Amino acid sequence: MLKSLQFPLHSTQFFSLKPYPHLNFPQLPPRPNSPKPSILPLRAKSKTKELILGNPINPVPKGKYSYTVETLINNLSSISPRGSVARCLESFKNSASINDFVLVFKEFAARRDWHRALRLFKYMQRQVWCRPNEMIYAIMIGVLGREGLLEKCMDVFESMPAHNVARTVYSFTALVNAFGRNGKHETAIELLGSMKKERVIPSVLTYNSVINACVRGGLDWEGLLGLFAEMRHDGVQPDIVTYNTLLSACASRLLGDEGEMVFRTMNDSGVLPDITTHNLIVELFGKLGRLEKVSELLEEMANTGNMPDASAYNVLLEAHAKEGSIPKAITVFREMQEAGCTPNAATYSILLNLYGKQGRYDEARELFLDMKVSNTEPDVSTYNVLIQVFGEGGYFKEVVTLFHDMLDEKVEPNMQTYEALTVSCGKGGLRGDAKEILLHMNEKGIVPSPKAYTGIIEAYGQAALYEEAIVTFNTMNEMGSNPSVETFNCLINTYARGGMYKESEAAMRRMSEFGFERNRDSFNGVIEGFRQGGRYEEAIQAYVEMKNARCGPDERTLEAVLSVYCFAGLVEESEENFQEIKNLGISPSIICYSMMLAVYAKNERLDNAYSLLEEMVHSKKSNIVQAIGQLIQGDFDDESNWQIVDYVFDQISAQGCGFGMRFYNSLLEALWWLGQKARAARVLNEAFKRGLFPEVFRKKKLLWSLDVHRMWPGSTSTALSIWLNDLYQEFEDRTDLPHVTSVVIAHGKMERDSAVQESPTAKAVLSFLETNLPPSSFTFPGWNEGRLICQRKQLRELLTALKESSVESGKGKIITLSNSPLSYNATVGSSYPNGRRDRPNALDSDGTKTILTGTETELLPSVA
């Protein structure tokens, strides 16, 4: 056990520096002789001009000072650099006291306005009615020292005797601090010696200034101990600042034993540590990898009767949280409770954040309930932590529940709360909740920040509510909340998902007008917008422009470029791009695998598709890729195994609606072109259950519509199949048909452009309708190129004819959705004799299914 610091009694034995010489202050150069006044003819005395003051640059808030002091500060702040201070102060001769001027100098010190302070000071030195006292001298030295004007500091200090102002501990300390803060620790030590020679007793503030200057200046540890011992020998008791300064030296120099001794000496002296002390101790032993030593010191404190407060344990908890060590953090938490120290809201916030960052949301929920049971009231920081971590974890609806709980507990949200809420609503597509939060802010008179507005815009964009998104953007500008890069990227990606590339380009131009540089997210959105609109050459050109702009592509960029080639049906280019992703050391995402399956199937390269599907099923790098591969080949069709699919889909949903739409579009593309149409319909219904594509099915009294403008060809065909079968069922159930039935294939400017019919989505719709319905069942109206419509009369005739044909064929539906068998040829791989692969869950010869043993128990933990 290390002992406390022991010092000898005589100062000559503990400080190694030589005795301080008399301080030789620098002498100012002699001023040149003033010219003699010239003899001028006497003139009549002119009338003094009235002083005209401008508006003060930084007026004093009313009520901060007395009327006299406020007026004095505002008047001095209003005069020009060549204006007269004398005329400005003329009216204050009988009203302003020297204490009023002290407040004036303190205000100029807070503003760091040393020019006006120095002009006023020099004027006052020449006056009798407002001659500066020692306090003003000390403030003036401090103002100049903060600006590094050390020569001027010395001028002010040396002028004190000439103006009959005694130099006491205040002026000496101010001068010591001025030199110390500017790295002149040798001069600070000399000033301390000169101070003693003038029989001015240093104060604790003086010694603290000298010690701090020496710590900054790199004085060795022995020298610092010498100053500390000298301080105690002179009868000056060290305070919390003294010990913290020494501890900061230990932390920066990694002096563990010395820091431990200082901490023990501090406790033995009865000086209670503060939050800075604990931060320094944790910093020191954290750098040394000995955080357990902090627990020992806190335990010693408690045993000696100095009970550490919650802040001491919180600092240690924070250190373990930064390391990501939940067991060590929980150990400290238990030690805290055993020591009788009650955890506060900050304690729980640290642990909740630690649980959330590591994805242990159940423990976070349990801890939050324990917090409430223990009567520790959550504060706004606690709720902000929970909202942040649950939002990042994809629990978007739970985030909104936390907000309502916060209001019920009468905890007032701050801007950080609103920003985290709207970001979660935007990512999760919770447009209704985002609108409710915005209304709440308006009722409170709170102007949303750019980040909060961006989250609301994204929430509307995820639901394809373009008008609401642009209205929110315009409102944002009107309210003076300037859009950020993220705001414009949000608009670009919102339009891109719907193939509205003209609007994306307009948002990009507006972004440049605001002075923002395009970044990776901007280009990714533009590429996807061109691809969705069928403008493949422009998409690749945007990618080339992105590389020319030195904006490095990311995984999403490579995925978007691959989707361009896959949409265009270019197999070799798709393979090359897919291989490039692998060559970069990136494991292709499930979206990339699904797109490659689709492009192979569309081009009847089934051997390649089956080989890739085999690679997916046996993937060791991604359990999601493995599970989706098994889903495609039918391994999870049974209800008992579908829960694995549910789990994977929930993991996908946690990544937000943007990723979710790309995932389901790509998966449906693969399923449809591989002939797995029944599974495609089931997967699309799972997407609807999770809040994706809310615009697809709309049913009103006068209009039933199918909106597929954000879908890819495979998901478009799947949605059309479900919709037409539902229409037929409604007709069978004798439901009143609407006046108009519509299929929406485009929004925005593309609605007025006949070129929209060349988009992939439009081609898929036209091809599907032509194949499965009589000619001219749905037609383009003259007033809109972005939708196909069918009037009630034509719809009734169509459904009647389809009913008759279905009765004859015995189908019972317009579109039959089934799963085509996946035929594995011998060329798939040499590991399967006779070209046959025994697939888990495949249909055996007797029609039963062989379930892969242990699939469920093996997959779930690894995905988690």
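First, a word on scope: everything that follows refers to the structure included in this document. (Residues numbered from 1 in each chain as written. Predicted model: local features only at pLDDT ≥ 70, side-chain atom pairs only at ≥ 80, totals over all residues. Heavy atoms only, no water.)

Comments concerning the environment of tyrosine 395
Rules: Each helix is a run of DSSP H or I of at least 4 residues and each strand a run of E of at least 2, with the numbering of both proceeding from the N terminus. Accessibility here uses a 1.4 Å probe with only protein chains present; expressed as a share of the type maximum, an area under 20% marks a residue as buried, one over 50% as exposed, and anything in between as partly exposed. Working rule for contacts: check all heavy atoms of both residues, and any pair within 4.5 Å makes them a contact.
When you line up the elements, tyrosine 395 lands in the loop between helix 19 (380-392) and helix 20 (396-408). You can call tyrosine 395 partly exposed: its relative accessible area is 33%. Setting aside anything within four residues of it in sequence, one finds tyrosine 395 in contact with Tyr361, Arg365 and Phe390.

A short note on the sheet that holds strand 2 (residues 703-707)
What counts, and what does not: Following DSSP output, two strands are said to pair if at least two bridges run between them. Axis definition: a line fitted to C-alpha atoms, over the contacting stretch in the case of helices. Angles run 0 to 180 degrees between N-to-C directions.
Sheet architecture is open: 4 strands sit in the order 1-2-3-4, paired in mixed fashion. On the outer flanks of this sheet lie strand 1 (697-699) and strand 4 (787-791), each paired with one strand and no other. The average undirected angle you get between the axes of adjacent strands in this sheet is 10 degrees. Relative to strand 2, strand 1 is paired through 3 bridges, and the arrangement is antiparallel. Bridge pairing in strand 2 places lysine 699 opposite tryptophan 704. Against the sheet, helix 37 (residues 713-732) touches strand 1, strand 2 and strand 3 (740-744), its axis set at about 160 degrees to strand 2.

Quick look at unusual backbone geometry
Even without a glycine there, the phi angle at arginine 112 is positive, about 60 degrees. Its location among the elements puts arginine 112 in the loop between helix 3 (98-111) and helix 4 (114-125). Assessed through its relative accessible area of 45%, arginine 112 is described here as partly exposed.

Details of the nonpolar core
Rules: Among buried residues, those of type Ala, Val, Leu, Ile, Met, Phe, Trp, Tyr and Cys that are joined through side-chain atoms within 4.5 Å constitute a nonpolar core.
Leu120, Ile628, Phe649, Phe663 and Val743 are the most contacted members of the largest nonpolar core, which has 260 residues in total. Setting aside residues no more than four positions away along its own chain, phenylalanine 649 makes contact with Ile628, Leu631, Trp642, Phe663, Tyr664, Leu667, Val683, Glu686 and Arg690.

Observations regarding helix 7 (residues 169-181)
As a reminder of what qualifies: In a helix, the anticipated span is given by 1.5 Å times the number of residues less one.
Its 13 residues place the ends of helix 7 18 Å apart at the C-alpha level, agreeing with the 18 Å of an ideal helix rising 1.5 Å per residue. With 10 of 13 residues buried, helix 7 lies mostly within the body of the structure. Turning to helix 7, its buried residues are Val169, Ser171, Phe172, Thr173, Ala174, Leu175, Val176, Ala178, Phe179 and Gly180. Its buried side turned inward, helix 7 meets helix 5 (134-146), helix 6 (150-158), helix 8 (185-197) and helix 9 (204-217). At the exit of helix 7 stands glycine 183, carrying a positive phi of roughly 80 degrees.

Some details on the pattern of salt bridges
We count it as follows: Between Lys or Arg on one side and Asp or Glu on the other, a salt bridge is scored when a side-chain nitrogen of the former is within 4 Å of a carboxyl oxygen of the latter.
Tallied over the full model, the rule gives 40 salt bridges. A salt bridge links lysine 196 to aspartate 234; its shortest N-O distance comes to 2.8 Å. With lysine 196 in helix 8 and aspartate 234 in the loop between helix 10 (221-233) and helix 11 (240-253), this residue pair connects regions lying 38 residues apart in the sequence. Among the residues examined, aspartate 234 registers a relative accessible area of 31% and is labelled partly exposed. A salt bridge links lysine 293 to glutamate 296; the nearest nitrogen and oxygen atoms lie 3.0 Å apart. In this pair, lysine 293 and glutamate 296 both sit in helix 14 (residues 292-303), 3 residues apart, roughly one turn of the helix. In this structure, a network of salt bridges that share partners links the residues Glu260, Arg264, Lys293, Glu296 and Glu300.

Spatial relationships are all this shows, so hold off on functional conclusions.
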